[in-house]
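Spelled out, the chains give:
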Amino acid sequence: MEAVQVDALEPAAPRKVPQLALVAASPAMGQTALAATAPASLVGERPAASSEESAEEVDAAEERGLQPRAPRSAAHVQHLGAWLLIAMVHALGLHRQALAVTGERVGRDALRLALDAVLVALAVGQKCVEGVRRIATSTAAALLLATDAPSPTWTRRTLGRFAARHGAGLFQLCMTREYLGRAQAEVASEGLTYYVDNHLRSYTGQHKLRYGWKMQDKRAQPGVTDYYVHDEDGRPVYRLVAPDHGALTDVLTPVARFLRQAHGPKESVLLAFDRAGSFPGEMTQLRDEGFEFVTYERAPYAMLPKHAFTQRVVIRGQRLKLCEPSRRNLGRGRGRVRRICVLTPEGQQLNVLAVSRRPARRLVEILLGRWVQENAFKHANERWGLNHLDGRQVQHYAPDAIIPNPSRRRLDAALRLARLREGLARTELARLPKGDERRASVEEDISEAMAAQQQLEAERPATPTHAPLAQTELAGKLVHHTVEYKLVLDTIRTACVNAEADLAALLSPHLPRAAEAKKALANLFAAPGRIGVGRRRITVTLSPASTAPERLAFNALFADINARRLVMPADQDCRPLHFRLAQESQDS
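Residues numbered from 1 in each chain as written. Predicted model: local features only at pLDDT ≥ 70, side-chain atom pairs only at ≥ 80, totals over all residues. Heavy atoms only, no water.

Enquirer: What is the right way to look at the pairing of strand 8 (residues 311-315) in this model?
Expert: On a regular strand, one side chain projects to one face of the sheet and the next to the other, so that they alternate. When strand 8 meets strand 9 (residues 318-323), the two strands line up antiparallel, connected through 5 bridges. Bridge pairing in strand 9 places Gln311 opposite Leu322. In sequence, strand 8 turns back onto strand 9 through a hairpin of 2 residues, with Arg316 there showing a positive phi of about 50°. (Pairing = 2+ DSSP bridges. Helix = DSSP H or I, 4+ residues; strand = E, 2+ residues; numbered from the N terminus.)

Here is the structure:
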């Protein structure tokens with residue numbers, strides 16, 4: 001894969017760009033070159049640690065007691081099924097890329113142990129680093145291939161040192177290279193397809209964070225917006241952080257440039273996104289730079305008669321009708337793009353806009369398949385803890401940062417209430433008969449509401465919608481969380497999601513209910529078992545809680561996995577793992 005260049009991540013001037021934590025690496029993907037469109041506070045050095053020297057001494061003492069240990073035979077090892085996840089993410093390159101970017105900040109053995117401890121905690125459903133304490137059993141040494149189990153505090157501080165000095169950004173970018181390389185190796189003749197969408201991580205703590213719109217709740221909430229890039233199968237590839245909740249239109253072109261630099265200019269890449277990016281200016285820029293895209297057309301648009309839909313297709317079990325009556329004019333001399341009109345079985349018309357030579361049916365199929373990304377968000381949060389806060393360090397925004405003015409927001413809200421009060425009073429007055437003694441009281445309410453409106457409308461010109469932070473009541477209060485530490489953990493979570501998706505694809509054909517593949521894998525990851533160490537291979541015998549059909553499916557899965565000759569990252573002899581079910585489980 002070609003080197004990722006800094007200019008590929010720069011948005012087109014003169015548009016306003018959100019504070020996106022975008023990173024770029026050198027051709028060797030080393031630690032020397034790093035750039036960002038975000039402020040240094042978002043991707044630069046971590047703030048000075050508040051830990052005292054005594055805490056550092058405790059970490060050092062604990063690390064001296066945590067030494068690597070070669071695999072040994074052991075029975076009744078709890079959570080041994082997590083070895084399957086560790087071996088899969090190791091095959092994806094997680095440990096290799098982490099060691100490539102760590103430098104001298106963290107020792108190789110300490111980093112490997114911290115990664116494995118987090119992977120086991122995630123595998124058994126703990127969702128965060130604090131779950132490391134739940135794997136500190138009597139068999140943890142055999143499980144983690146170390147002399148003892150690490151504490152959550154030591155694991156957290158080890159990963160914190162690893163995240164410093166741009167380590168987090170380089171780690172994510174190195175793993176992104178692995179995912180994109182795999183996608184390019186599996187690319188179809190028509191080209192690559194990626195979904196781009198945002199995801200709001202809500203915050204309920206005591207700090208003052210900026211508000212973003214959460215579509216599921218239909219209201220604004222404090223938190224951080226992440227922009228994700230997923231492949232067509234719903235596997236996460238890359239994440240961008242926008243603490244100021246920037247628009248999707250500010251992200252699409254930088255993402256497209258990044259993917260072009262990663263895959264090369266000859267590879268066809270198509271972006272699929274929702275109506276939040278369906279604006280003429282952004283679509284024109286994508287088209288003019290040679291990028292393909294597909295999105296929904298924003299209403300209003302002309303409704304066609306039913307006889308105009310002449311092409312009948314079946315997409316994801318739905319019988320749809322299509323037509324391409326005319327191209328959509330983007331206005332202001334921007335030219336035109338393809339317009340595909342879709343008629344659903346319920347009689348609803350959807351318009352799809354695209355710049356691509358792919359068939360209309362294929363473009364509609366891609367756009368309707370965008371829900372795999374929404375499902376991926378839901379699953380990543382419920383299974384792997386995507387929305388977990390993780391890092392709790394915060395930084396203040398710059399005093400000259402432009403933010404929505406809270407005084408103007410309150411003023412507009414008060415004006416809406418005053419107008420509502422006037423409207424209700426006028427409605428009540430209209431219903432009262434002439435001569436009613438209550439009319440005087442209602443007329444007085446109308447006068448008060450109109451006076452309040454006049455006062456509020458007089459204040460509006462002097463109260464701007466946006467203002468520098470220093471000129472608002474949030475000066476010294478508005479903060480954002482640092483991104484480095486959480487970026488490391490989310491990179492680990494992304495690797496887990498990709499590994500789980502690979503395993504589910506192998507397991508689901510053998511299950512009576514294919515949709516339960518990931519639930520069955522969760523049971524398999526938490527399964528106890530025994531380790532048998534030989535000269536040429538390591539046998540892992542698992543005893544998962546499973547039904548008879550699931551055991552048959554597990555046997556088929558193990559046949560595929562054993563053919564891959566996976567290894568444990570801590571095994572210096574690189575002996576392949578051989579997974580099998582316990583005999584008593586097979587006979588029961």
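Having seen the structure, we can now continue with the description.
Enquirer: Got a minute to help me understand the environment of Val251 in this structure?
Expert: Inspection of the secondary structure puts Val251 in helix 9 (residues 249-263). Using a relative accessible area of 0% as the deciding quantity, one classes Val251 as buried. Expressed as a C-alpha distance, the spacing of Val251 and Asn198, which sit 53 residues apart in the sequence, is 9.8 Å. (Buried < 20%, exposed > 50% of the residue type's maximum accessible area, 1.4 Å probe, protein only.)

Enquirer: When you look at the pattern of salt bridges in this model, what are you seeing that I'm missing?
Expert: Pairing between side chains of opposite charge can happen when their charged atoms approach one another. What the rule picks out here adds up to 37 salt bridges. Notably, a salt bridge pairs Arg96 with Glu178, separated by 2.7 Å at the nearest N-O pair. With Arg96 in helix 4 (residues 94-101) and Glu178 in helix 8 (residues 167-185), the pair connects residues that are 82 residues apart, well separated along the chain. Given the relative accessible area of 43%, Arg96 is considered partly exposed. For Glu178, a relative accessible area of 22% gives the class partly exposed. Among the charged side chains, a network of salt bridges with common partners joins Glu190, Glu232, Glu292, Arg358, Arg361, Arg362 and Glu365. (Salt bridge = Lys/Arg side-chain N within 4 Å of Asp/Glu carboxyl O.)

Enquirer: Where do I start with helix 13 (residues 406-431) in this structure?
Expert: For an α-helix, 3.6 residues make a turn, and residues three or four places apart therefore share a direction. Compared with the 38 Å implied by 1.5 Å per residue over 26 residues, the 38 Å span of helix 13 between its first and last C-alpha is a close match. Pro406, Arg408, Leu411, Leu415, Ala418, Glu422, Ala425 and Leu429 are the residues of helix 13 that are buried. On its buried face, helix 13 is in contact with strand 14 (402-404) and helix 14 (439-459). (Expected span 1.5 Å × (residues − 1). Contact = heavy atoms within 4.5 Å.)

Enquirer: Whenever I open this one, the nonpolar core confuses me. Can you help?
Expert: Formed by 115 residues in total, the largest nonpolar core has its most connected members in Trp83, Leu159, Tyr194 and Ile492. Setting aside anything within four residues of it in sequence, one finds Leu159 in contact with Leu111, Ala114, Leu115, Val118, Val129, Tyr485, Val488 and Leu489. Ala272, Leu322, Val342 and Val364 belong to the second largest nonpolar core, which has 19 residues in total. (Core = buried A, V, L, I, M, F, W, Y, C linked by side-chain atoms within 4.5 Å.)

Enquirer: What is the right way to look at helix 15 (residues 484-507) in this model?
Expert: The end-to-end C-alpha distance of helix 15, which contains 24 residues, comes to 35 Å, matching closely the 34 Å that a straight helix rising 1.5 Å per residue would cover. Most of helix 15 is tucked away, with 23 of its 24 residues classed as buried.

Enquirer: Before we go on, may I ask you to explain the side chain of Asp197 in this structure?
Expert: You can see Asp197 is positioned in strand 2 (residues 192-202). On the basis of relative accessibility, which here comes to 3%, the residue Asp197 falls in the buried class. With residues up to four places along the chain from it excluded, the contact list for Asp197 reads Asp226, Tyr227, Tyr228, Asp274, Arg370, Gln373, Glu374 and Phe377.

Enquirer: Would you mind showing me how to read the packing of helix 4 against helix 5 (residues 108-123) here?
Expert: Two quantities define a packed helix pair, namely the angle between the helix axes and the distance between the axes. Here helix 4 crosses helix 5 at 140°, and the two axes come no closer than 10 Å. In this view, helix 4 runs oblique relative to helix 5, as classed from their interaxial angle. As for the relative orientation of helix 4 and helix 5, their crossing is right-handed in sense. Contacts from Leu94, His95, Ala98 and Leu99 in helix 4 reach Arg108, Leu111, Arg112, Leu115, Asp116 and Leu119 in helix 5. (Axes fitted to C-alpha atoms, helices over the stretch in contact; angles between N-to-C directions. Parallel < 35°, antiparallel > 145°, perpendicular 65-115°, else oblique. Left-handed = near helix turned anticlockwise from the far one by under 90°.)

Enquirer: What is the right way to look at the sheet that holds strand 17 (residues 529-533) in this model?
Expert: Strand pairing in a sheet relies on backbone hydrogen bonds, with the paired strands running either antiparallel or parallel. One open sheet holds the 4 strands; their spatial order is 1-17-18-19, and the pairing between them is mixed. On the outer flanks of this sheet lie strand 1 (74-77) and strand 19 (577-581), each paired with one strand and no other. Taking each pair of neighbouring strands and ignoring which way they run, the sheet shows an average axis angle of 20°. Two elements, strand 18 (residues 538-542) and strand 19, share 5 bridges in a ladder whose sense is parallel. By the bridge assignment for strand 19, Val540 is matched with Phe579. Lying over the sheet, helix 3 (residues 82-92) contacts strand 17, strand 18 and strand 19, oriented at roughly 145° with respect to strand 19.

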